[in-house]
Amino acid sequence: MKRVANLSLVLCVVLSASTTARAADEVVLFNGKDLSGWTCYLRGSDAKMEDVWSVADGVLRSKGRPIGYLKTKTKYTNYILKVQWRWPEGTQGGNSGVLLRVVGPDLVWPKSIEAQLAAGYAGDIWNIGKFPMKVDPQRTRGRNTRKMKPASEKPRGQWNQYEIILKGGDLTLKVNGVVQNTATEVEEVSGAIALQSEGAPIEFRDIRLIPLEK
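Summarised in this report is the structure supplied together with it. Bear in mind that the values here come from a model prediction, so they are computed numbers and not experimental data.

## Focus on the side chain of Thr-145
Examined against the element boundaries, Thr-145 turns out to sit in strand 11 (residues 144–145). The buried category is assigned to Thr-145, whose relative accessible area is 2%. Among the polar contacts listed, one links the side chain of Thr-145 to the side chain of Thr-140, at a separation of 2.9 Å.

In structure tokens form, the structure reads like this:
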């Protein structure tokens, strides 16, 4: 009986240590209070970051104009990225996206992979700047690779979750738990992560990243 109890104790300690390690590895990209850790680019405008992006009640809000993006100051290569977003009630939805492995100079738009957020099209992939990768040719037209399944987004005003997995040359996009797109042979390069301001109000929260070993 004592051996069973000891074994249970050891198992609990191991599980606890594992959970703690995972929590310690997680990187909170948006702290819910301010824009620490982010920089901003806005095309052809004297506007400042705070003219477009604001934080209130744990929510990151974009007015959508001028066109541009928020970009992490830190670069990342392999990770699980989780981002929650919604289109505010009373809007007709709009366009935005999450840019991955952003490299090169700031411009609209920088060389990167776009995980699409346009209303009804979340899960599409857009290739920006001829980013090296392999996608399904049957779902690809030009730079756009359509999502695999019908839209899995929630109605306006409700929070959605993107889970983006980039490991080596493999990319997976999940929208509210549904695998919507994949790519292979993605160029493995360290780059920033960016959120687009692309013409319409959009809100984000709970942006976090778990680094992955290749």
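The structure having been displayed, the exposition proceeds.
## A closer look at the pattern of salt bridges
A complete count under the given rule lists seven salt bridges for this structure. A salt bridge links Asp-106 to Lys-71, with the nearest nitrogen and oxygen atoms 2.9 Å apart. Residue Asp-106 is found in the loop between strand 7 (97–103) and strand 8 (111–116), and its partner Lys-71 is found in strand 5 (residues 68–72); the two are separated by 35 residues along the sequence. For Asp-106, a relative accessible area of 35% puts it in the partly exposed group. Of the residues examined, Lys-71 reaches a relative accessible area of 15% and is grouped as buried. By sharing partners, the salt bridges in this structure join Glu-26, Asp-206 and Arg-208 into a single network.

## Topic: the environment of Asp-136
One can find Asp-136 in the loop between strand 9 (125–128) and strand 10 (140–141). A sequence separation of 47 residues divides Asp-136 from Ala-183, and the C-alpha atoms of the two residues are 7.5 Å apart. Within the local environment of Asp-136, its side chain forms a polar contact with the backbone nitrogen of Gln-138, the two atoms lying 2.9 Å apart.

Here is what the cut-offs are and how they apply
Residues numbered from 1 in each chain as written. Predicted model: local features only at pLDDT ≥ 70, side-chain atom pairs only at ≥ 80, totals over all residues. Heavy atoms only, no water. Helix = DSSP H or I, 4+ residues; strand = E, 2+ residues; numbered from the N terminus. Buried < 20%, exposed > 50% of the residue type's maximum accessible area, 1.4 Å probe, protein only. Polar contact = N/O pair within 3.5 Å; in protein donor to acceptor, adjacent residues only side chain to side chain. Salt bridge = Lys/Arg side-chain N within 4 Å of Asp/Glu carboxyl O.

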